[in-house]
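Here's the letter readout for the chains.
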Amino acid sequence: MPTANEIRTTFLEYFRHHGHEVVPSSPLVPHNDPTLLFTNAGMVQFKNVFTGVEQRPYKRAVTAQKCVRAGGKHNDLDNVGYTARHHTFFEMLGNFSFGDYFKPLAIELAWNLITKEFGLPKDRLLATVYAEDDEAFDLWRKIAGLDERRIIRIATSDNFWAMGDTGPCGPCSEIFYDHGPEIPGGPPGSADEDGDRFIEIWNLVFMQYEQVDKETRIPLPKPSIDTGMGLERIAAVLQGKHDNYDIDVFEALIGASVALTGTHAVGDKRPSHKVIADHLRASAFLVADGVMPANEGRGYVLRRIMRRGMRHAHLLGAREPLMWRMVPVLLDQMGHAYPELIRAEALITEVLKLEETNFRRTLERGLRLLEEETASLPARAPLPGEVAFRLYDTYGFPLDLTQDALRAQGRTVDVAGFNAAMERQREAARAAWKGSGEAAIEPIWFDIREEKGATEFLGYATTRAEAQVT
Ligand code: ATP
Ligand code: MG
Ligand code: MG
Ligand code: MG
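Residues numbered from 1 in each chain as written. Chains lettered and ligands numbered in written order. Predicted model: local features only at pLDDT ≥ 70, side-chain atom pairs only at ≥ 80, totals over all residues. Heavy atoms only, no water.

A. Structural view of the coordination of the magnesium ion (ligand 4). Protein-derived coordination of the magnesium ion (ligand 4) comes from E174 (OE) and E200 (OE), at a distance range of 1.9 to 2.2 Å. Distance-wise, the magnesium ion (ligand 3) is placed 3.3 Å from the magnesium ion (ligand 4), both being coordinated by E200. In this pair, E174 sits in strand β9 (residues 167–178) while E200 sits in strand β10 (residues 198–211), placing the two residues 26 residues apart along the sequence. Using a relative accessible area of 25% as the deciding quantity, one classes E200 as partly exposed. (Donors = N, O, S within 2.8 Å, 3.2 Å for Na, K, Ca; no water. Helix = DSSP H or I, 4+ residues; strand = E, 2+ residues; numbered from the N terminus. Buried < 20%, exposed > 50% of the residue type's maximum accessible area, 1.4 Å probe, protein only.)

The structure is reproduced here in structure tokens:
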């Protein structure tokens with residue numbers, strides 16, 4: 001049974017053998033895109049190569065890319081703990097062609113890797129294609145010999161990728177693995193596709209157009225390939241597990257949280273162990289890449305991840321800071337592939353310990369308040385926004401932590417009420433303090449980016465006034 005480390009190596013070596021340059025993962029904080037919260041896909045470091053702005057000495061590349069999806073367009077934070085396939089931090093294995101090979105070779109390389117190198121049986125595999133992409137449909141039939149019933153046409157944006165409102169775009173084709181009829185869930189495109197039976201393991205993006213403006217889409221002279229396969233998802237398949245959190249890396253991490261809390265990872269305790277293991281990993285990698293907990297921007301996303309993990313540790317009965325104790329286990333699993341973790345060990349440990357020590361001062365009191373408030377509410381009635389705001393403001397409970405805490409009761413938060421309370425407080429603060437407002441820029445910037453999408457980086461020559469977001 002291959003370990004996750006071995007699978008990563010097999011992937012990189014396979015594509016190296018097929019003429020791809022092995023390029024290291026870029027950091028989680030994207031250096032070439034100030035508008036993106038975190039690196040969330042393998043293609044991020046190659047954006048300018050795909051658009052032709054930047055040249056590289058190779059036309060084919062392969063990477064194992066560190067990714068975080070805990071905010072922005074791809075936000076899987078709420079999924080973690082509750083699905084078999086989502087993490088906040090994960091590794092995306094990807095091969096790339098910059099105007100070199102296109103659909104036929106991309107499909108052939110992918111198919112041969114999973115069926116020949118990895119030995120996956122054909123009758124467990126399905127492929128989706130974009131509804132209009134007859135070419136990809138035929139290639140799956142010819143190259144893979146897939147039965148037509150196992151090639152599913154999808155008409156939604158799930159199978160059409162775009163870099164932004166303008167720029168390269170094109171159809172994609174996703175490979176799914178069927179974990180078997182004993183697991184609930186339907187095939188892609190069906191009503192219950194979000195179950196854990198059919199898991200998307202690999203996404204192949206065929207960049208063949210350029211979106212010039214809203215109406216105009218032209219063919220790219222040299223189409224490109226961008227793919228992404230979740231290492232943890234393929235590891236689950238190859239290790240005979242039906243849940244990413246049962247693979248070797250997570251077995252070790254969850255083993256540590258079980259030992260430290262003395263509670264087994266079963267029943268309603270399992271999600272908490274999953275969350276702790278996942279969030280520990282994300283926190284460690286973010287700190288190693290220079291993100292520090294803060295009250296805004298990237299640092300606030302990190303703080304939210306940490307605090308969410310800490311509440312689950314509390315839920316499992318931990319009364320002392322716990323997550324920092326798991327750092328050696330993570331290093332043992334991943335330090336070899338990511339030596340930045342080893343270099344940052346002391347910092348990661350200290351930051352985790354400090355955050356958890358501080359948050360523990362208010363965590364218990366906040367949870368008590370939450371309990372009292374919900375006790376007087378009718379079953380399933382949403383928590384008033386005022387209360388969620390008080391938890392945020394006085395007890396340091398990020399909104400998503402409160403939402404997560406209420407999940408078990410099937411209760412939501414009145415988010416509009418929360419935002420209104422936040423706005424009232426901002427107004428009051430603004431009236432009381434006529435400072436420069438500098439501190440508020442970062443979160444507002446990300447809000448704008450969320451609403452309007454990315455803006456083009458205009459270069460340092462452009463003055464600030466010219467570079468305004470419109
Ligand atoms: P899903 O539909 O399962 O949320 P996705 O379509 O959002 O996945 P892509 O953006 O296509 O994912 O990313 C490429 C690959 O990265 C996926 O096929 C999957 O294997 C992996 N992946 C994506 N998101 C996650 C995640 N949160 N945790 C682990 N692996 C992920
Ligand atoms: Mg997703
Ligand atoms: Mg998907
Ligand atoms: Mg996908």
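Text resumes after the structure shown.
B. Highlighting the site of ligand 1. Taken together, 16 residues surround ligand 1, and among them D76, R85, H86, E200 and N203 come closest. Secondary-structure elements contributing two or more residues to the shell around ligand 1 are β5 (89–97), β10 and β11 (217–230). If one sorts the elements of the shell around ligand 1 by residue count, β10 sits on top with 4 residues. For the shell around ligand 1, the per-class residue count stands at 5 nonpolar, 5 polar and 6 charged. (Near = heavy atom within 4 Å. Nonpolar A, V, L, I, M, F, W, Y, C, P; charged D, E, K, R; others polar.)

C. Region of interest: the pairing of strand β6 (residues 125–130). Here β6 lies mainly inside the structure; 6 of its 6 residues are buried. What you see with β6 is no split at all: L125, A127 and V129 on one side and L126, T128 and Y130 on the other are buried throughout. The sheet contact formed by β6 and strand β7 (residues 151–154) spans 4 bridges and is parallel. Directly across from A127, in β7, lies its bridge partner I151. Taking the sense of rotation as the criterion, the β-α-β connection linking β6, helix α4 (residues 134–144) and β7 turns out right-handed. (Pairing = 2+ DSSP bridges. Right-handed = clockwise from strand over helix to strand, strands pointing away.)

D. The arrangement of the environment of T349 in detail. By the element assignment, T349 lies in helix α11 (residues 345–375). According to the relative accessible area criterion, T349 is buried, its value standing at 15%. A sequence separation of 232 residues divides T349 from E117, and the C-alpha atoms of the two residues are 38 Å apart. Excluding anything up to four places from it in sequence, T349 contacts W324 and V327. A polar contact of 2.7 Å, which involves the side chain of T349, links it to the backbone oxygen of E345. (Contact = heavy atoms within 4.5 Å. Polar contact = N/O pair within 3.5 Å; in protein donor to acceptor, adjacent residues only side chain to side chain.)

E. Inspection of the side chain of N203 at higher detail. Here N203 lies in strand β10. In this structure N203 comes out as buried when scored by relative accessible area, which is 18%. Here E174 takes part through its side chain, which lies 3.1 Å from a polar atom of the side chain of N203. In this structure, N203 is in contact with C172, S173, E174, D226, T227 and G228, ignoring residues within four places of it in sequence.

Read these as layout, nothing more, since geometry by itself doesn't imply function.
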